[in-house]
Amino acid sequence: MSKLKRFFVLCLSVGLLTGCGLTANKDSNHIFTYAMGEKWQTLDSSKATDRASYTLIHTFMEGLYEYKRNDDGILKPKADLVKKLKHSDDMKVYTIQLRKNAKWSNGDQITANDFVYSWRRALTMHTENAKYMTSEGIHIKGADEIYAGKAKADTLGVQEKNKHTLVIEMTKEIEKAKLIDYLTLPVFYPLNMKFVEEKGKSYGTSMSNVLTNGPFKLHSLTNNKAVVYKWNQYYDEKKVKLNGIEMLFNVENSERIKMFDHAQIDLVSVWGPELKKYKKKSTLTGMPAGVMWSLLPNFKSNTMRSKSLRKAISLSINRSEIEKNQMRSALLNSKDDVIDLPDGLVPKNIEYDTLERNIRELSKAEVHYSKKKAKKIVKNYLKSNNLKDIHLTLAYPTDYEISQFIAKELKKDIEKNKGIKVDLVKYNPANKDQYDLTLVRREAVANDGAVFVDMLSTNNGLSNYHNHEYDAMIEKIKNPDSYDDKFDMIAEAELKAINDYAAIPIAQQSYAILSRMNALNVDFVQFGVPINFKYVELS
């Protein structure tokens, strides 16, 4: 079995769907139309962290690697700007030869220095995803110190050996597959220093303030719509079959469904009970995302310090109904699809050991649902504390349209326990210590489970858990002796969090995909850049 298995991610080839009915008008011109609920935030690959920005940036920019579906329908890393990669015997030094026929839209050739400049810039700007160059990611020499502001950018262990050769030096052994996985992220894309410096703070704020090095070039851009056309100077131009892509942003779920029904968009991800009308239609299919929703009790809350009450809340939650009604309706479309309820904090298909075993296969963490047990615990808690009732405040994030619906489901389930009332409020970081419960969304940026357990560390401070034993586990995860040591420690930290009810798993999010046209090779990725349009073909 290939070692790359742990880096496999689910892909949907929409063209395999049949009986798609009407075709959008732009089909004959090979213009593909796609709508998202999120807003794009930036065109700066160093700063981007959101799905919409990732999707947009990857149409007109590319880096060293990307994911592409193979003949078996599985996505694997594919070299883009890389011609050859080799490593030292101790796997601490990687040498990358770049292709010589790639260039920027200003005519400049893409060089090794474009990567050196880009990575140094991200670290000195302390951007969110620059941390994946540090010990939280691929351990590039000097990255931790630069990111912390304790060293200069030119001490980074990334050098231009010559115009088309990049050398990366790590402080620890890094598996080739893991390195490649991280290198697919936009923060590792190259930047043209001359152009970026000329634009200054304006870089990445509008289409006139970016350069193209990818398969498409920005034609028009507003806050809610982007149009890109095929760039005929792209080195791999012959493999790009679309003439353009029209992307719509910040479109509400109900509006996306309406637009699809009126043949105004060709492909869209949607969710919710409205999907029932598509249940037996071939226009609908589903895919899991590398996203986990969890409920974090606030350990500064007198009520939430009670482990028994935290347990009762966990037992109260009917996760099956939440996933069925809100997120996983699409997966009910096929007899081969199974609704997977969360056993822990790390989503399915994220984090494998060197024997290709997924953490969900080996973890001992368990999550249960029992209204009867929950009610008994709450009754005993109220009696022993001489209380008639409990009022809890549950905060939910406003960045994602689905979060309020999940919060309402949680309120409904928890309030089935006599004596508990739940007030829903919008999350405000300034008031985080005042909430009893907080609904959080964690998404895999790379194929790494650490992000799902480090949210409870004292340094992150999301829940005031402040457990010294747990913090020690997180430090070992950041600085493991081996890849399997990290895997084992993530599983151990997850188990402790679940057993302490320090984090209560709610659901692994999935996406329902509606497709109107026969399209081949629409690659959906479970983490990082969520969609790759480069190889899409319309039939």
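Scope of this entry: the structure provided in the associated data block. (Residues numbered from 1 in each chain as written. Predicted model: local features only at pLDDT ≥ 70, side-chain atom pairs only at ≥ 80, totals over all residues. Heavy atoms only, no water.)

### A look at the overall build of the protein chain
The following threshold applies: Runs of E in the DSSP output that reach at least two residues are strands. Runs of H or I that reach at least four are helices, and both are numbered from the N terminus. Our radius of gyration looks at C-alpha atoms and nothing else; its globule reference is 2.2 Å times the residue count to the power 0.38. Burial here depends on accessible area, computed with a 1.4 Å probe over protein chains only, as a share of the maximum for the residue type. Under 20% is buried, over 50% is exposed, and the range in between is partly exposed. What makes two residues a contact is simply this: any of their non-hydrogen atoms within 4.5 Å. Only the protein chains shown count as cover for residues, with accessible areas throughout obtained via the Shrake-Rupley method and a probe of 1.4 Å. Here Asp and Glu are counted as negative and Lys and Arg as positive; His is not counted, and neither are the chain ends. Throughout, a charge is located at the NZ atom of Lys, the CZ atom of Arg, the CG atom of Asp or the CD atom of Glu.
In terms of regular secondary structure, the protein chain is built from 14 helices and 21 strands. For the protein chain, whose C-alpha radius of gyration is 24 Å, the value lies close to the compact-globule estimate of 24 Å for 539 residues. C-alpha extents for the protein chain along the principal axes are approximately 75 × 55 × 45 Å. Residues counted as buried form 59% of the 539 residues belonging to the protein chain. Looking at the protein chain alone, contacts between residues at least 24 apart form 70% of all its contacts between residues at least 6 apart. Total accessible area on the protein chain stands at roughly 22800 Å², and carbon and sulfur atoms take up 46% of it. Side chains of the protein chain give 82 positive and 68 negative charges; the mean places of these two sets differ by 4 Å.

### Considering unusual backbone geometry
A positive phi angle, close to 60°, is found at N464, a residue other than glycine. The class for N464 is buried, based on a relative accessible area of 9%.

### Quick look at helix α2 (residues 112–124)
Going by this rule: To estimate how far a helix should reach, multiply one less than its number of residues by 1.5 Å.
With 13 residues, α2 should cover 18 Å at 1.5 Å per step; its first-to-last C-alpha distance of 19 Å lies within 8% of that length. Taken residue by residue, α2 has A112, D114, F115, V116, Y117, S118, W119, R121, A122 and L123 as its buried positions. Looking at the buried side of α2, the elements it contacts are β6 (93–98), α3 (143–147), β7 (158–162), β8 (165–169), α4 (176–183) and α5 (193–199). H126, located one to two residues past α2, shows a positive phi value of around 55°.

### Topic: the pairing of β8
Where we set the bar: When DSSP locates at least two bridges between a pair of strands, those strands are taken to pair.
When you tally the buried positions in β8, you get 4 out of 5 residues, the bulk of the element. Both β6 and β8 contribute to a ladder of 5 bridges, which runs antiparallel. Bridge pairing links I96 to L166 in β8. Across 4 bridges, β7 lies against β8 in antiparallel orientation. Residue pairing for β8: N162 is matched across the bridge by T165. Between β7 and β8, which follow one another and run antiparallel, lie 2 residues.

### Some words on the packing of aromatic side chains
This is how it is decided: In this scheme Phe, Tyr and Trp rings, the latter by its six-membered ring, pair at centre separations within 6.5 Å, and the angle between planes marks the pair as stacked below 30 degrees, edge-to-face above 60, and tilted otherwise. By definition here, charges over rings are those cases where NZ of Lys or CZ of Arg is within 6 Å of the ring centre and within 35 degrees of the ring normal.
For the structure on display, the rule yields 12 aromatic pairs. Their ring planes at 55° and their centres at 5.2 Å tell us that F299 and Y465 sit as a pair that is tilted. Remark: Y465 occurs in the loop between α12 (450–453) and α13 (468–478) and F299 occurs in the loop between β13 (284–297) and α7 (307–316); sequence separation between them is 166 residues. Members of the aromatic cluster, joined through ring pairs, are F32, Y34 and F533. For the cation-ring pair, K408 lies above F405, with the distance from its terminal atom to the ring centre recorded as 5.9 Å. For R441, the ring lying beneath its charged end belongs to Y400, and the centroid distance is 4.1 Å.

### Thoughts on the side chain of S45
Within the secondary structure layout, S45 lies in the loop between β2 (31–35) and α1 (51–60). If we skip the residues at most four places from it in the chain, S45 touches I57, M61, P186, V187, Y189 and L191.

### Description of the environment of Q434
Assignment of secondary structure puts Q434 in the loop between β15 (420–426) and β16 (437–443). Residue class for Q434 comes out exposed when judged on its relative accessible area of 60%.

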